[in-house]
Amino acid sequence: MRRRTSLILVVAAMAPVGIGISMGGDRVRDRRPSASTSVSRQRSEVEADRGSAQDGLGAHAPLSLRIIAPTTCRPGRGFPVRFVLCDQSGTPPAQPFTGPIEIAVPPGMTGLPERLVFQPDDDSVLVQEGVTIGQEGIYRIRARRASSDVVEPWLEGNPTVCRVDDRPSVRWGSLRGDGSDGPEGGRHPEAYLRDCRRIGGLDFAGLSMPIDLSTRSGERGGDRAGSSPSLEVAWNALSGAVRAANGTDRFTAIAGVTIPMASLGSVGAYFKAGLPGWSQLSRLSSVVWPWDPVVVDGLRPSLMIAHLDAASIPYTALGVRGRGSVSILECYSSAGMSFPGYGVTDPVLGGVTDPRAMSLFRVAGRGFSVGLAGDGGAASGLPGIDPAVGAPHGSARPPGLTAVLTDGTTAEALIDAYHRRRVYATSGARIYLDVRIGGAGMGEVHHTDHEAKAVISVAGTSEIRYVNLFDGERVRTQFRPTGKRDLDLSVSLGEPAAEAQPFLVEVIQADGHRAWSSPIWVRRRSLPDLRWERTAKGRAVLVNGGSSAARSVTVVGHPSAYPFLRPFDEPYGPIPDRADAALRVVRYDDTRALVFVQYRRLEGHLTITGLKAILAEAGRSSPEGAGPEPVGGGRWRLRAGADTRAWQTACFDVTIGPRKPAALVLEIGAEQTVWLQGAVQRGRKFRMPLNGVDRQVTSRTLRLPLLKPGGRWEMPVTPLIWAADPDGRIAESNEGNNLYIPIARR
């Protein structure tokens, strides 16, 4: 598997404290600990600090003042500042607060008075418009309720970074709001979106309606989803609320549906424009694992995000991107931290305790192109509310937030930023985070032949305790600042390797609140780029279109009509109830494919043959005592769990060579029914070819000692398929190069 280079930054924020502004550039200690030692040490230190911080929470007044300002701004441009009085649930009290508040305006900020008075009609929310900042810097507003008999402590808002460059703005929101209306769902759609804008001070909010699309006529004893009048009414209410909210200044609403995926969690499918009517939406087919494009007759969602965690699905599924989907990990929601790895837990933010979990650092190190988002994820918990105190009423954890890096304010601009991975996640605190490598920002690729340098800027909501720079899973450098909330760091990454190489950064503040940046990829600029072209007379020509020479190029000719899987594009429906197992293969380039296995009510063996390489992620979503078990020789034992209705799962990332036949073989003890690539078959032995080679064949091999940049090599027309560099030894500038060309008809 080709590795890509990524930089992921994880930042944890602390409860507000009254510390003066600390500009970037302060010296911090640079240490290089082992990963295992640093994780345990930093966890104990963070928990100790949190204990002292939370001890004082009980002394707070029943109402807490929240100050919300933009995270980024430009000199001289006006912006609003929001003051919200919240109760312990994180929402304004039933009896509106009335009275004055005192404001400590930082030097250089204008348009904000030193005193504001809440009136009954304000409903505990005041917005001061037209606030401006004159010059670059980091600004924090402090305020407190004014009282003649009690002197309250100053409370501090989020940092506002004023800058003059062309970097995009930071816009805050959450896509995972629940649009269900009723005691078992969330708020009414209109109320939820209103509160996200008015109380949470969000720039955007998604609202999705849970819908089970697996029940179709004649299957599982149910009718089509479209026959439910309650679902139709709910969808019409949700889409109407979204359209109405989008007429509000400085706020964008996004509509979607949440689709359950058997035992694997759910998928959120979001629409940026042209919301479908229920008659269209009801024709959706069930999502087939991992998460195929939702099939709507002529309709495609704009964005799909899986609501899963590090132990519930193999990461190889992230390597396939269907129409409308994107490799975005929901690394935090109100369910807690989803992808820190096994055993990395936090008293407030939670974590994954399943020993089969794999950290997001390993995923990036394996070359998957993923972006990181944070979401509310709770029906009754409002995102953006009181993250320092803890979880609002009805939520297990503090709701998370996603920072979207864009100057656009429409649903189209926001979803486009998600697709380009121009996002970062937090556990609810509005931490400013900027990561640059060369001219590349989050979600982008930096190509260079010289030393690469990462520039990291953080403005936290409280004191920063750790900044860990990861190279894949390995901690490369650790910074441990003392008493700092604002940091500017510059880290040399050395000269890039030929293959893309992942860099990740983790920043943890004293209360454990965190932010995770999306990747930045770094790789060498001067690389070959092998591709096939055809001449006017039909001859095949191998061309080096890169900027570096390709040395010792192996070219293999194969007599098969086509040795690899054809692109899979046929939408299959849900797995029928009568099926005991399902086998499915998805190809995502000419050498690699994903094999997905789901089963229940059967026991037997699965064998995968004829492969150059295989990476198995079997059974990580299966309960203990069940799931595939490797027995050696490319064989896995399939064992049903105690609940024969529950689906066990496995995923295999396979690399296919051009010379050997490759196949997947399922052998079971008794005759049973298997859903095989969309067709139902019954028997005891099932074989699914992974390529078109049905016998061992003799290949013709040629070797080119050198192919310079712009060089061309023409071969005679023969009834073969020619593969250049079939073993993937030559690192290339174009990851999507065409190394295989069929001379004969496929």
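None of these values were measured; they are calculated from a predicted model. (Residues numbered from 1 in each chain as written. Predicted model: local features only at pLDDT ≥ 70, side-chain atom pairs only at ≥ 80, totals over all residues. Heavy atoms only, no water.)

Novice: Help me understand the overall build of the protein, please; the structure alone is not making it clear to me.
Specialist: Counting its secondary structure elements, the protein contains six helices and 47 strands. Here the protein holds 746 residues, and the buried ones make up 58% of them. At a minimum sequence separation of 6, the contacts of the protein that also span at least 24 residues come to 72%. As displayed, the protein has an accessible area near 28,800 Å², and 47% of this comes from carbon and sulfur atoms. (Helix = DSSP H or I, 4+ residues; strand = E, 2+ residues; numbered from the N terminus. Buried < 20%, exposed > 50% of the residue type's maximum accessible area, 1.4 Å probe, protein only. Contact = heavy atoms within 4.5 Å. Areas by Shrake-Rupley, 256 points an atom, 1.4 Å probe, with all protein chains shown as cover.)

Novice: I tried to follow the layout of surface pockets on my own but got confused; where do I start?
Specialist: The gaps left among the atoms become clear once a water-sized probe is rolled over them. Empty space within the largest pocket amounts to approximately 810 Å³. Secondary structure elements with two or more residues in the lining of the largest pocket: strand E4 (72–73), strand E5 (79–86), strand E9 (125–133) and strand E14 (170–178). No other element matches the four residues that E5 contributes to the lining of the largest pocket. For the lining of the largest pocket, a count of residues per class yields 13 nonpolar, 10 polar and 11 charged. (1 Å grid on protein atoms, 1.4 Å probe; cavity = no way out; pocket = protein on both sides within 12 Å on 5 of 7 lines; lining within 4 Å. Points joined across faces, edges and corners; volume = space filled by probe spheres on them. Nonpolar A, V, L, I, M, F, W, Y, C, P; charged D, E, K, R; others polar.)

Novice: What is the right way to read the side chain of serine 208 from this model?
Specialist: Assignment of secondary structure puts serine 208 in strand E15 (residues 204–210). For serine 208, a relative accessible area of 2% corresponds to the buried category.

Novice: Explanation requested: the sheet that holds strand E33 (residues 540–544) in the structure shown.
Specialist: Two orientations exist for strands paired in a sheet by backbone hydrogen bonds: parallel and antiparallel. Read across the open sheet, the three strands follow the order E32-E33-E45; overall the sheet is antiparallel. With one partner strand each, in any of the chains shown, strand E32 (530–534) and strand E45 (712–715) form the two edges of the open sheet. Across the sheet, the mean angle separating the axes of adjacent strands is 25° when strand polarity is ignored. Pairing of E33 with E45, which is carried by four bridges, proceeds in the antiparallel orientation. Within the sheet, the bridge partner assigned to leucine 542 lies in E45 and is tryptophan 713. (Pairing = 2+ DSSP bridges. Axes fitted to C-alpha atoms, helices over the stretch in contact; angles between N-to-C directions.)

Novice: How do you make sense of the pattern of salt bridges when you look at a structure like this?
Specialist: A side chain of one charge can pair with a side chain of the opposite charge when the charged atoms of the two come close. Counting across every chain of the model gives 23 salt bridges. The salt bridge involving glutamate 506 is made with arginine 514; its shortest N-O contact spans 3.4 Å. What makes glutamate 506 buried here is its relative accessible area of 8%. A salt bridge links arginine 539 to glutamate 714; the nearest nitrogen and oxygen atoms lie 3.4 Å apart. Remark: glutamate 714 occurs in strand E45 and arginine 539 occurs in the loop between E32 and E33; sequence separation between them is 175 residues. Overall, arginine 539 belongs to the partly exposed group, its relative accessible area being 33%. Linked by salt bridges that have partners in common, Arg163, Asp165, Arg167 and Asp434 make up one network. (Salt bridge = Lys/Arg side-chain N within 4 Å of Asp/Glu carboxyl O.)

Novice: When you look at the packing of aromatic side chains in this model, what are you seeing that I'm missing?
Specialist: Any two aromatic rings considered together are summarised by their centre-to-centre distance and by the angle between their planes. Scanning the model with the defined rule gives six aromatic pairs in all. Arranged with centres 6.4 Å apart and planes meeting at 70°, the rings of tryptophan 235 and phenylalanine 271 form a pair that is edge-to-face. Of this pair, tryptophan 235 sits in helix H3 (residues 229–245) while phenylalanine 271 sits in strand E17 (residues 266–271), placing them 36 residues apart in sequence. Taken individually, tryptophan 235 and phenylalanine 271 each receive the classification buried, so the pair is uniform in this respect. When the ring of tryptophan 636 is compared with that of phenylalanine 652, the centres are 4.7 Å apart and the planes differ by 65°; the resulting orientation is edge-to-face. A residue pair is termed long-range when its members are at least 10 positions apart, and tryptophan 636 in strand E40 (residues 635–638) and phenylalanine 652 in strand E41 (residues 648–656) qualify at 16 residues. Each of the two residues, tryptophan 636 as well as phenylalanine 652, counts as buried. (Phe/Tyr/Trp six-rings, centres within 6.5 Å; stacked < 30°, edge-to-face > 60°.)

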